[in-house]
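Working through the structure, step by step
Here is what each chain is made of, one letter per residue.
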Amino acid sequence: IIDALGYRKAIFFGTSLGGLVSMLIAHDDPQRVAAVVLNDIGPEIGQAGLTRIKAYIGKAAPVDSWDEAVAQAKATYGPAWPGLTEEEWLVQARRSYREADNGIPVLDMDPMVGEAARTVTTELTDPWELFASLQDIPVLLLHGEHSDILTFEIVEKMLAEKPDMHHVVVRNRGHVPILDEADVLSALDPFLQSVDA
(Lines give C-alpha, C1' and ligand atoms only; values in the text may rest on other atoms or scores of the structure.)
Protein backbone atom coordinates (compact mmCIF):
# COMPACT_ATOMS: atom_id res chain seq x y z
CA ILE A 1 0.00 0.00 0.00
CA ILE A 2 2.82 2.40 0.85
CA ASP A 3 4.45 1.67 -2.51
CA ALA A 4 1.15 2.10 -4.36
CA LEU A 5 0.67 5.50 -2.74
CA GLY A 6 4.20 6.49 -3.63
CA TYR A 7 5.38 7.01 -0.06
CA ARG A 8 8.78 6.06 1.31
CA LYS A 9 7.59 5.39 4.85
CA ALA A 10 4.64 6.02 7.14
CA ILE A 11 3.71 6.76 10.75
CA PHE A 12 1.87 3.77 12.18
CA PHE A 13 -0.89 4.39 14.70
CA GLY A 14 -1.92 1.22 16.48
CA THR A 15 -4.76 0.81 18.95
CA SER A 16 -4.59 -2.39 21.01
CA LEU A 17 -4.09 -5.22 18.46
CA GLY A 18 -3.11 -2.58 15.90
CA GLY A 19 -0.19 -1.62 18.13
CA LEU A 20 1.05 -5.20 18.10
CA VAL A 21 0.75 -5.20 14.30
CA SER A 22 2.70 -1.91 14.20
CA MET A 23 5.52 -3.49 16.22
CA LEU A 24 5.51 -6.48 13.88
CA ILE A 25 5.83 -4.20 10.84
CA ALA A 26 8.73 -2.38 12.49
CA HIS A 27 10.35 -5.74 13.14
CA ASP A 28 9.89 -7.05 9.59
CA ASP A 29 10.26 -3.84 7.54
CA PRO A 30 11.76 -1.07 9.71
CA GLN A 31 12.70 1.22 6.82
CA ARG A 32 8.95 1.72 6.21
CA VAL A 33 8.29 3.02 9.71
CA ALA A 34 8.84 6.72 10.44
CA ALA A 35 7.25 6.54 13.90
CA VAL A 36 4.77 4.55 15.94
CA VAL A 37 1.94 5.64 18.19
CA LEU A 38 0.90 2.82 20.54
CA ASN A 39 -2.58 3.29 21.97
CA ASP A 40 -2.70 1.43 25.29
CA ILE A 41 -0.69 -1.60 24.28
CA GLY A 42 2.75 -2.98 24.96
CA PRO A 43 4.72 -6.20 24.52
CA GLU A 44 2.92 -7.71 27.51
CA ILE A 45 -0.78 -7.87 28.29
CA GLY A 46 -2.17 -7.47 31.80
CA GLN A 47 -3.76 -10.71 33.00
CA ALA A 48 -6.85 -9.01 34.45
CA GLY A 49 -7.54 -7.22 31.19
CA LEU A 50 -7.02 -10.32 29.08
CA THR A 51 -9.42 -12.28 31.29
CA ARG A 52 -12.00 -9.49 31.04
CA ILE A 53 -11.80 -9.31 27.24
CA LYS A 54 -11.97 -13.09 26.82
CA ALA A 55 -15.17 -13.08 28.90
CA TYR A 56 -17.11 -10.84 26.52
CA ILE A 57 -15.52 -10.68 23.07
CA GLY A 58 -17.58 -12.40 20.42
CA LYS A 59 -20.35 -13.19 22.92
CA ALA A 60 -22.54 -10.08 22.67
CA ALA A 61 -26.25 -10.82 22.30
CA PRO A 62 -28.02 -9.39 19.24
CA VAL A 63 -29.72 -6.02 19.70
CA ASP A 64 -32.94 -4.70 18.20
CA SER A 65 -32.33 -0.94 18.22
CA TRP A 66 -29.67 1.75 18.54
CA ASP A 67 -30.80 2.31 22.14
CA GLU A 68 -29.99 -1.32 22.88
CA ALA A 69 -26.66 -1.01 21.07
CA VAL A 70 -25.78 1.99 23.23
CA ALA A 71 -26.79 0.09 26.38
CA GLN A 72 -24.63 -2.85 25.32
CA ALA A 73 -21.66 -0.55 24.63
CA LYS A 74 -22.07 1.04 28.06
CA ALA A 75 -22.20 -2.35 29.75
CA THR A 76 -19.01 -3.43 27.99
CA TYR A 77 -16.94 -0.24 28.02
CA GLY A 78 -18.49 1.87 30.79
CA PRO A 79 -15.57 1.45 33.23
CA ALA A 80 -13.05 2.41 30.52
CA TRP A 81 -14.92 5.53 29.39
CA PRO A 82 -16.56 7.19 32.38
CA GLY A 83 -18.25 10.53 31.88
CA LEU A 84 -19.40 10.13 28.28
CA THR A 85 -22.65 11.88 27.37
CA GLU A 86 -25.53 10.01 25.74
CA GLU A 87 -24.57 11.59 22.43
CA GLU A 88 -20.96 10.43 22.83
CA TRP A 89 -22.12 6.90 23.67
CA LEU A 90 -24.16 6.85 20.46
CA VAL A 91 -21.05 7.90 18.52
CA GLN A 92 -19.12 5.03 20.10
CA ALA A 93 -21.92 2.55 19.35
CA ARG A 94 -21.98 3.65 15.71
CA ARG A 95 -18.24 2.93 15.52
CA SER A 96 -18.80 -0.67 16.67
CA TYR A 97 -22.10 -1.52 15.00
CA ARG A 98 -23.36 -1.17 11.44
CA GLU A 99 -26.93 -0.87 10.36
CA ALA A 100 -28.27 -3.92 8.54
CA ASP A 101 -30.69 -3.63 5.62
CA ASN A 102 -33.59 -3.90 8.04
CA GLY A 103 -32.30 -0.94 10.07
CA ILE A 104 -31.24 -3.06 13.04
CA PRO A 105 -27.67 -2.54 14.34
CA VAL A 106 -25.30 -5.51 14.21
CA LEU A 107 -21.78 -5.71 15.55
CA ASP A 108 -19.33 -4.81 12.79
CA MET A 109 -16.67 -7.41 13.48
CA ASP A 110 -15.57 -10.88 12.52
CA PRO A 111 -17.77 -13.22 14.59
CA MET A 112 -14.78 -15.55 15.10
CA VAL A 113 -12.62 -12.88 16.73
CA GLY A 114 -13.80 -14.04 20.14
CA GLU A 115 -12.53 -17.56 19.58
CA ALA A 116 -9.17 -16.21 18.40
CA ALA A 117 -8.90 -13.95 21.46
CA ARG A 118 -9.66 -16.78 23.84
CA THR A 119 -6.64 -18.72 22.57
CA VAL A 120 -4.27 -15.80 23.34
CA THR A 121 -2.14 -15.99 26.45
CA THR A 122 -0.48 -13.13 28.33
CA GLU A 123 2.82 -14.06 26.69
CA LEU A 124 3.03 -13.19 23.02
CA THR A 125 5.58 -14.77 20.70
CA ASP A 126 8.86 -12.91 21.28
CA PRO A 127 7.02 -9.75 22.42
CA TRP A 128 10.07 -7.92 23.66
CA GLU A 129 11.92 -8.74 20.45
CA LEU A 130 9.14 -6.95 18.57
CA PHE A 131 9.34 -4.00 20.95
CA ALA A 132 13.14 -3.89 20.53
CA SER A 133 12.53 -3.23 16.83
CA LEU A 134 11.32 0.24 17.86
CA GLN A 135 14.68 1.11 19.45
CA ASP A 136 15.66 3.62 16.74
CA ILE A 137 12.10 4.66 15.87
CA PRO A 138 10.23 7.51 17.59
CA VAL A 139 7.41 6.13 19.75
CA LEU A 140 4.51 7.79 21.54
CA LEU A 141 2.79 5.56 24.09
CA LEU A 142 -0.75 6.56 25.03
CA HIS A 143 -1.66 4.89 28.31
CA GLY A 144 -5.14 4.77 29.81
CA GLU A 145 -4.83 5.69 33.47
CA HIS A 146 -7.11 2.81 34.54
CA SER A 147 -6.07 0.32 31.85
CA ASP A 148 -5.98 -3.34 32.84
CA ILE A 149 -4.30 -4.26 29.53
CA LEU A 150 -1.34 -1.87 29.77
CA THR A 151 -0.42 -1.66 33.44
CA PHE A 152 1.98 0.85 34.98
CA GLU A 153 4.36 -2.05 35.67
CA ILE A 154 4.49 -2.92 31.98
CA VAL A 155 5.03 0.75 31.10
CA GLU A 156 7.97 0.93 33.52
CA LYS A 157 9.60 -2.04 31.79
CA MET A 158 9.01 -0.47 28.38
CA LEU A 159 10.58 2.81 29.50
CA ALA A 160 13.58 0.91 30.88
CA GLU A 161 14.06 -0.65 27.43
CA LYS A 162 13.35 2.55 25.51
CA PRO A 163 13.99 5.62 27.71
CA ASP A 164 13.35 8.08 24.84
CA MET A 165 9.78 6.82 24.37
CA HIS A 166 7.18 9.55 24.88
CA HIS A 167 4.69 8.37 27.51
CA VAL A 168 1.36 10.07 28.10
CA VAL A 169 -1.10 8.98 30.77
CA VAL A 170 -4.64 9.60 29.53
CA ARG A 171 -6.64 10.56 32.58
CA ASN A 172 -10.00 8.98 33.37
CA ARG A 173 -9.62 6.30 30.70
CA GLY A 174 -9.13 2.54 30.72
CA HIS A 175 -8.48 0.35 27.71
CA VAL A 176 -8.47 2.12 25.30
CA PRO A 177 -8.36 5.90 25.11
CA ILE A 178 -10.85 7.15 22.52
CA LEU A 179 -8.23 9.56 21.06
CA ASP A 180 -10.28 12.74 21.38
CA GLU A 181 -9.12 13.37 24.95
CA ALA A 182 -7.23 16.57 25.74
CA ASP A 183 -4.27 14.54 27.05
CA VAL A 184 -4.02 12.75 23.69
CA LEU A 185 -4.47 15.78 21.46
CA SER A 186 -1.95 17.90 23.36
CA ALA A 187 0.70 15.15 22.98
CA LEU A 188 -0.12 13.92 19.50
CA ASP A 189 0.34 17.07 17.43
CA PRO A 190 3.83 17.93 18.73
CA PHE A 191 4.93 14.31 18.41
CA LEU A 192 3.77 14.03 14.81
CA GLN A 193 5.34 17.38 13.92
CA SER A 194 8.68 16.21 15.32
CA VAL A 195 8.80 13.10 13.13
CA ASP A 196 10.95 13.13 10.03
CA ALA A 197 8.59 11.31 7.67
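Anyway, here's the lowdown on the structure attached to this text. Here, residues in each chain are numbered from 1, in the same order as that chain's written sequence. Given that this is a predicted model, residues contribute local features only at a pLDDT of at least 70 and side-chain atom pairs are listed and counted only at 80 or more, while totals for whole chains, interfaces and linings are drawn from all residues. Each side-chain value is derived from all of the structure's non-hydrogen atoms; neither hydrogens nor water enter the calculation.

**Some remarks on the overall build of the protein**
Counting from the N terminus, the helices are DSSP H or I runs at least four residues long and the strands are E runs at least two residues long. Helices and strands together make up the secondary structure of the protein, namely nine helices and six strands. With respect to the principal axes defined by its C-alpha atoms, the protein has extents near 50 × 40 × 35 Å. For the protein, contacts bridging at least 24 residues in sequence account for 71% of all contacts bridging at least 6. All accessibility values rest on the Shrake-Rupley procedure with a 1.4 Å probe; residue burial counts only the protein chains present in the view. Total accessible area computed for the protein in this model is approximately 10800 Å², and 55% of it derives from carbon and sulfur atoms. This count recognises Lys and Arg as positive and Asp and Glu as negative, with His and chain-terminal groups excluded. Just so you know, the charge point we use is NZ for Lys, CZ for Arg, CG for Asp and CD for Glu. The distance from the centre of the 15 positive side-chain charges to the centre of the 31 negative ones in the protein is 1 Å. Only heavy atoms matter for contacts: two residues are in contact if any of them lie within 4.5 Å across the pair.

**Things to note about a nonpolar patch on the surface**
Patches here are clusters of residues that have more than 30% relative accessible area and form no salt bridge, with a 9 Å joining cutoff for like charges and a 5 Å cutoff for nonpolar side chains (Val, Leu, Ile, Met, Phe, Trp, Tyr). Salt bridge, as applied in this entry: a Lys or Arg side-chain nitrogen positioned within 4 Å of an Asp or Glu carboxyl oxygen. Taken together, the side chains of Ile-1, Leu-5 and Tyr-7 make up a nonpolar region of the molecular surface, amounting to roughly 410 Å² of accessible area. Within the secondary structure, Tyr-7 sits in the loop between α1 (2-5) and β1 (10-15).

**What to know about the pairing of strand β5 (residues 139-144)**
By the criterion of burial, β5 is predominantly enclosed, with six of the six residues buried. Side chains of β5 alternate between two faces, with Val-139, Leu-141 and His-143 and Leu-140, Leu-142 and Gly-144 buried alike. Sheet analysis places strand β2 (residues 33-39) next to β5, joined by four bridges and oriented parallel. Bridge pairing links Val-37 to Leu-140 in β5. For every residue, the accessible area (1.4 Å probe, protein chains only) is compared with the maximum for its type, and the residue is labelled buried under 20%, exposed over 50%, or partly exposed between those bounds. In this analysis, strands are considered paired if DSSP registers two or more bridges between them.

**Some details on the nonpolar core**
Definition of nonpolar core: a set of buried residues of the types Ala, Val, Leu, Ile, Met, Phe, Trp, Tyr and Cys, connected through side-chain atoms within 4.5 Å. One finds Met-23, Val-36, Leu-38, Leu-134, Leu-141 and Met-158 to be the most contacted residues of the largest nonpolar core, which totals 25 residues. Contributing elements (two or more residues each) for this core: α2 (17-28), β2, α3 (47-56), α7 (127-132), β5 and α8 (152-161). In this view, Met-23 contacts Leu-38, Gly-42, Pro-43, Leu-130, Phe-131, Ser-133 and Leu-134; residues no more than four positions away in its chain are not counted.

**Digging into α2**
By this rule, a helix spans an expected 1.5 Å times one less than how many residues it contains. The terminal C-alpha atoms of α2 lie 17 Å apart, and with 12 residues this matches the ideal 16 Å at 1.5 Å per residue to within 8%. Within the span of α2, buried status applies to Gly-19, Leu-20, Ser-22, Met-23 and Ala-26. In a view along the axis of α2, the buried residues occupy a sector of 155°, so they form one face of it. Every exposed residue of α2 that faces more than 90 degrees away from the buried side is listed here: Leu-17 and Asp-28. Contact partners of the buried residues in α2: β1, β2 and α7. Arc definition: it is the arc formed by the directions from the helix axis to the C-beta atoms.

**Some remarks on the sheet that holds β2**
Ordered in space as β1-β2-β5-β6, the four strands form an open sheet in which the pairing is parallel. The open sheet has two free edges, formed respectively by β1 and β6 (166-170), since each of these has just one partner strand. On average, adjacent strands in this sheet sit at an angle of 15° to one another, irrespective of strand direction. Helix axes use the C-alpha atoms of the stretch in contact, all axes being lines fitted to C-alpha atoms, and the angles between their N-to-C directions lie in the range 0 to 180 degrees. In the packing of α2 onto the sheet, the strands contacted are β1 and β2, and the crossing angle to β1 comes to about 145°.

**Some points on the side chain of Ser-147**
Within the secondary structure, Ser-147 sits in the loop between β5 and α8. Two N or O atoms form a polar contact when they lie within 3.5 Å of each other; inside protein one atom must be a possible hydrogen donor and the other a possible acceptor, and for residues adjacent in sequence the pair counts only when both atoms belong to side chains. A polar atom in the side chain of Ser-147 sits 3.0 Å from the backbone nitrogen of Leu-150. Apart from the residues within four sequence positions on either side, Ser-147 is in contact with Asp-40, Arg-173, Gly-174 and His-175.

**A short note on unusual backbone geometry**
Of the consecutive residues His-175 and Val-176, the connecting peptide bond is found in the cis state with omega at 10°. We note that Asp-40 has phi near 60°; this positive angle belongs to a residue other than glycine. Take Asp-40: it is sitting in the loop between β2 and α3. The phi dihedral of Leu-179 falls on the positive side, at around 90°, and the residue is not glycine. As for its position among the elements, Leu-179 is in the loop between β6 and α9 (182-194). Relative accessible area serves as the criterion here: at 26%, Leu-179 is assigned to the partly exposed category.

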